[in-house]
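Structural overview for review
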Amino acid sequence: MQDNIIADRMAPYLQLQMYAKFTQLAVKNSCVNMGQGFPNFPPPQFLRQAIAEEALTESLQYTMTAGHPRLMKAASDFFEKHMGVKVDSAKEMVASSGAQSVLACVFQALLNPNDEVICFDPAFDFYRPLIEFQGAKHVGVPLKPGQLNSKASILNRFENGKIKFSKEDEWHLDYEYLEQKLNAKTKMIILNSPQNPIGKVFSIEELDRLAEILEKHPQIIVCEDAAYHHVVFGGYQPFSYPRCITHPKLKSKTVCVTSAGKMFSATGLRIGFAMGDEKYIKAIKSAQTYHNFCLNPVLQTATAKCLEQTIDGQYFTEIRDLYEEQSTMLLKGLLESRLNLHCWVPQGGYFLVTDISDVEIPEKYFKDDQDGHQLTKDFAFAYYTACEIGVVCIPCSPYFENKELGSRFVRWAFCKTTETIQDACNRLK
Ligand SMILES: Cc1ncc(COP(=O)(O)O)c(C=O)c1O
């Protein structure tokens, strides 16, 4: 048998994917799964209803490759109302199979081999493979937490059922280091806000500073991953917080990626959008056409109906409030746990991270049970909590280029029911 059947580019990605591994472990050990970022409550009834109705009336034949016209109109109307961006749905927008596939199409359409792409670490771990599949290079620029918050300093900020975000929770970008990393090969910067896994929302001052730096590098495109643009806390409003696609100096160089699956708490919906200038979208549409040809028309028209029905924004205010409550409940539970964890208050998204530097973990968890190789502390911690406490979280070193820095952190998902979060908190007590 040939030993070169599999393409070299796939070699680093053949192992069982991390989220699948920890979900399997959760099932095997009857753990509370606070790992993977999927809501474990049902999607809204109006989405199920719309899918049922559309299934009976849609013709189920191929439809427009860049997105069903009704979906594109509903999405552009929705984004215009809530973000204040006027998008020509025929030229400046494309739909693909979830934000994941949209990102793949963006990279396929805009990256050449050897182009460099800046990601702000900790960065969603699926960027790297998608970038490398194009022969381009992933360059990590770390964000750093300002300080290790103590339990008391965070609990002091507990007011009206919420823990207020403060300067102490900020993760900072080192702009000088960023500038050192930018060069003629840099083609793209990915800015994920709210950011998976730390829940950071980039402030207007941060976007202004970035815009100023990018003025010196006009070849750089910004890929704004706004998969969680409906979940922002504190004073920020869903969809209209500081964004690259609406920033006066960044918008013309931005392709913004969003996810209808995340918006409707239905991650299996697999519909996402890219919007931006026609010069980018034209090529992204071609990538989408050759990858998927078109998306499922039933799910597209059902999603269009949901966007039409929720255009007043009420549903998204309620869902944002729910996620903020869940994040507070989890944060309190983690702070009050018997483990010595340091936390930061998230500003949005589905996740928060904790620093595990001060947690003592039995030596045996530092050895991989398959091949005995030495594990980093974040993996040892995640196996320890799964096996001894019955709660699954996600190690953060895969989100960092600097694995040593990343191995200080683990990620916890709060897009879960009250019962699930309470169960996790009780086990961690
Ligand atoms: C930051 C980020 N971008 C994109 C995606 C992909 O979203 P979708 O489920 O729409 O493919 C995810 C999913 O977890 C994510 O966390």
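This one's a predicted model, so the numbers in the text were calculated from it and none came from an experiment.

**Some words on the packing of aromatic side chains**
Centre-to-centre distance and the angle between the planes together describe a pair of aromatic rings. According to the stated counting rule, one finds 30 aromatic pairs in the structure shown. Consider the rings of F78 and F79, whose centres lie 6.1 Å apart with planes at 90 degrees: the pair is edge-to-face. Residue F78 is classed as buried on the basis of its relative accessible area, which comes to 0%. With a centroid separation of 5.9 Å and an interplanar angle of 80 degrees, the aromatic rings of F79 and F273 are classed as edge-to-face. Taken together, the residues F79 in helix 3 (residues 69-83) and F273 in strand 11 (residues 272-276) connect sequence positions 194 residues apart. F273 matches F79 in its accessibility class, with the two residues each being buried. In this structure, R411 packs its charged tip against the face of F351, placed 3.6 Å from the ring centre. Stacked on the ring of F38, the Lys or Arg K416 has its end atom at 3.7 Å from the ring centre.

**A word on the UniProt feature "domain: Aminotransferase class I/classII large" (unreviewed entry) in the chain**
UniProt's feature table lists "domain: Aminotransferase class I/classII large" (unreviewed entry) at residues 31-428, given in the numbering used throughout. Along residues 31-428, the helical share is 38% and the strand share 17%, with 12 Å between the first and last C-alpha atoms.

**Focus: empty space enclosed by the protein**
Using the criterion set out here, one finds two cavities of 30 Å³ or more in the structure. Approximately 70 Å³ is the volume attributed to the largest cavity. Taken together, F165, D169, E170, W171, I198, G199, K200, W344, V345, P346 and Q347 make up the full set of residues lining the largest cavity. Here the residues of the lining of the largest cavity are counted per class, giving six nonpolar, two polar and three charged. No fewer than three residues from each of domain 1 (8-43 + 315-428) and domain 2 (47-148 + 171-312) sit in the lining of the largest cavity. In this model, the second largest cavity occupies a volume close to 30 Å³.

**Considering the sheet that holds strand 10 (residues 254-259)**
Taken in spatial order, the eight strands line up as 2-11-10-9-8-3-4-7 in an open sheet, and their pairing is mixed. Every interior strand has two partners, whereas the edge strands, strand 2 (93-96) and strand 7 (171-173), have only one. Across this sheet, the average inter-strand angle for adjacent strands is 25 degrees, counted without regard to direction. As judged from the four bridges shared by strand 9 (residues 221-225) and strand 10, these two strands associate in the parallel manner. What sits directly across from C223, in strand 10, is V255.

**Some points on the sheet that holds strand 12 (residues 342-343)**
The antiparallel open sheet is built from four strands, whose spatial order is 12-13-16-15. The open sheet has two free edges, formed respectively by strand 12 and strand 15 (394-395), since each of these has just one partner strand. Pairing between strand 15 and strand 16 (residues 409-413): two bridges, direction antiparallel. Looking at the pairing, P395 lines up with V410 of strand 16.

**Structural notes on the site of the ligand**
Near the ligand, the surroundings consist of 13 residues, among which A99, D225, Y228, S259 and R270 are the closest. Interatomic distance of 2.8 Å between a backbone N/O atom of A99 and an oxygen atom of the ligand. Residue Q100 places a main-chain N or O atom 2.9 Å away from an oxygen atom belonging to the ligand. In isolation the ligand has 400 Å² of accessible area, and contact with the protein removes 91% of it.

**Regarding the pattern of salt bridges**
Tallied over the entire structure, the rule returns 19 salt bridges. Among the ionic pairs, E206 bridges to K200, the shortest N-O distance being 2.7 Å. The same class applies to E206 as to K200, namely buried. With a closest N to O distance of 2.8 Å, D355 and R408 form a salt bridge. Placement of D355 in strand 13 (residues 351-355) and of R408 in the loop between helix 14 (403-406) and strand 16 is noted, with a sequence separation of 53 residues between them. Judged by its relative accessible area of 0%, D355 falls in the buried class.

Definitions and cut-offs
- Residues numbered from 1 in each chain as written.
- Predicted model: local features only at pLDDT ≥ 70, side-chain atom pairs only at ≥ 80, totals over all residues.
- Heavy atoms only, no water.
- Phe/Tyr/Trp six-rings, centres within 6.5 Å; stacked < 30°, edge-to-face > 60°.
- Buried < 20%, exposed > 50% of the residue type's maximum accessible area, 1.4 Å probe, protein only.
- Helix = DSSP H or I, 4+ residues; strand = E, 2+ residues; numbered from the N terminus.
- Lys NZ or Arg CZ within 6 Å of the ring centre and 35° of its normal.
- UniProt positions renumbered as here; feature names shortened; annotations may be inferred.
- 1 Å grid on protein atoms, 1.4 Å probe; cavity = no way out; pocket = protein on both sides within 12 Å on 5 of 7 lines; lining within 4 Å.
- Points joined across faces, edges and corners; volume = space filled by probe spheres on them.
- Nonpolar A, V, L, I, M, F, W, Y, C, P; charged D, E, K, R; others polar.
- Domains from an automatic or database assignment.
- Pairing = 2+ DSSP bridges.
- Axes fitted to C-alpha atoms, helices over the stretch in contact; angles between N-to-C directions.
- Near = heavy atom within 4 Å.
- Polar contact = N/O pair within 3.5 Å; in protein donor to acceptor, adjacent residues only side chain to side chain.
- Areas by Shrake-Rupley, 256 points an atom, 1.4 Å probe, with all protein chains shown as cover.
- Salt bridge = Lys/Arg side-chain N within 4 Å of Asp/Glu carboxyl O.

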